[in-house]
Amino acid sequence: MSSENEQERLRRIRDRQIQLRDPKIKERKDQRGAAQKHRSSLESFSLIKIWTDLPKIIRGTVIGMLAGLTIMLVLPYIFQGAWVDYAGFAAVFILAFLGLIFGQALDARDRLSDV
């Protein structure tokens, strides 16, 4: 009975040594680590990130144009007259220009703060 226990113990030791020397374990560990690094390096698509990465001159112009378009669409419901269309177009261009100027000022401020 003791020889069977001894043989079983030796078999377990041999199996453990074989498992420790298995080169596939290291390869799997390396591949798992590389896959995790690759997944963590990928960034998800975000419109908010794209919007915040745009220069402020572009953001200001877009915001000004949207405000002008809103005024152009709402103005005919408030006032009646032939001048309403011209005032709406003027609002789009004026607010887009003001947004451009304001955005450029903010960009210039940011560039000066970096110096």
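Details of the structure are given in the entry above.
Residues numbered from 1 in each chain as written. Predicted model: local features only at pLDDT ≥ 70, side-chain atom pairs only at ≥ 80, totals over all residues. Heavy atoms only, no water.

**Q** Any chance you could break down a positive patch on the surface for me, citing the residues and the numbers?
**A** The grouping of Lys24, Lys26, Arg28, Lys29 and Arg32 at the surface amounts to a positive patch. Here Lys24 is to be found in helix α2 (residues 23-41). (Patch = residues over 30% accessible without salt bridge, like charges linked within 9 Å, V, L, I, M, F, W, Y side chains within 5 Å. Areas by Shrake-Rupley, 256 points an atom, 1.4 Å probe, with all protein chains shown as cover. Salt bridge = Lys/Arg side-chain N within 4 Å of Asp/Glu carboxyl O. Lys, Arg positive; Asp, Glu negative; His and termini not counted. Charge placed at Lys NZ, Arg CZ, Asp CG, Glu CD. Helix = DSSP H or I, 4+ residues; strand = E, 2+ residues; numbered from the N terminus.)

**Q** Outline the side chain of Arg59, supporting the account with residue identities and numerical values.
**A** Along the chain, the position of Arg59 falls in helix α4 (residues 56-78). Looking at Arg59, its side chain comes within polar contact range of the main-chain oxygen of Trp51, at 3.5 Å. Among all residues touching Arg59, those that are not within four sequence positions of it are Trp51, Thr52 and Leu54. (Polar contact = N/O pair within 3.5 Å; in protein donor to acceptor, adjacent residues only side chain to side chain. Contact = heavy atoms within 4.5 Å.)

**Q** Explain the pattern of salt bridges residue by residue, including any values.
**A** Taken as a whole, this structure holds six salt bridges when the rule is applied. Of the charged contacts, one joins Glu8 and Arg11 as a salt bridge, the two residues approaching to 2.8 Å between their closest N and O atoms. Note that Glu8 and Arg11 are positioned in helix α1 (residues 2-20) at a spacing of three residues, about one turn of the helix. A residue is classified by how much of its surface remains accessible, and Glu8, at 35% relative accessible area, is partly exposed. One salt-bridge network, in which partners are shared between bridges, spans Lys56, Arg109 and Asp110. (Buried < 20%, exposed > 50% of the residue type's maximum accessible area, 1.4 Å probe, protein only.)

**Q** Now, about the packing of α4 against helix α5 (residues 83-114): what can you tell me, with residues and values included?
**A** Orientation of α4 relative to α5, taken along the N-to-C sense of each, is 160 degrees, at an axis distance of 7 Å. As summarised for this structure, α4 and α5 are arranged roughly antiparallel, according to the angle between their axes. For the pair α4 and α5, the crossing hand works out as right-handed. Counted by class, the contact of α4 with α5 contains 17 nonpolar, eight polar and three charged residues. (Axes fitted to C-alpha atoms, helices over the stretch in contact; angles between N-to-C directions. Parallel < 35°, antiparallel > 145°, perpendicular 65-115°, else oblique. Left-handed = near helix turned anticlockwise from the far one by under 90°. Nonpolar A, V, L, I, M, F, W, Y, C, P; charged D, E, K, R; others polar.)

Scope: geometric values only; no functional claims are made or implied.
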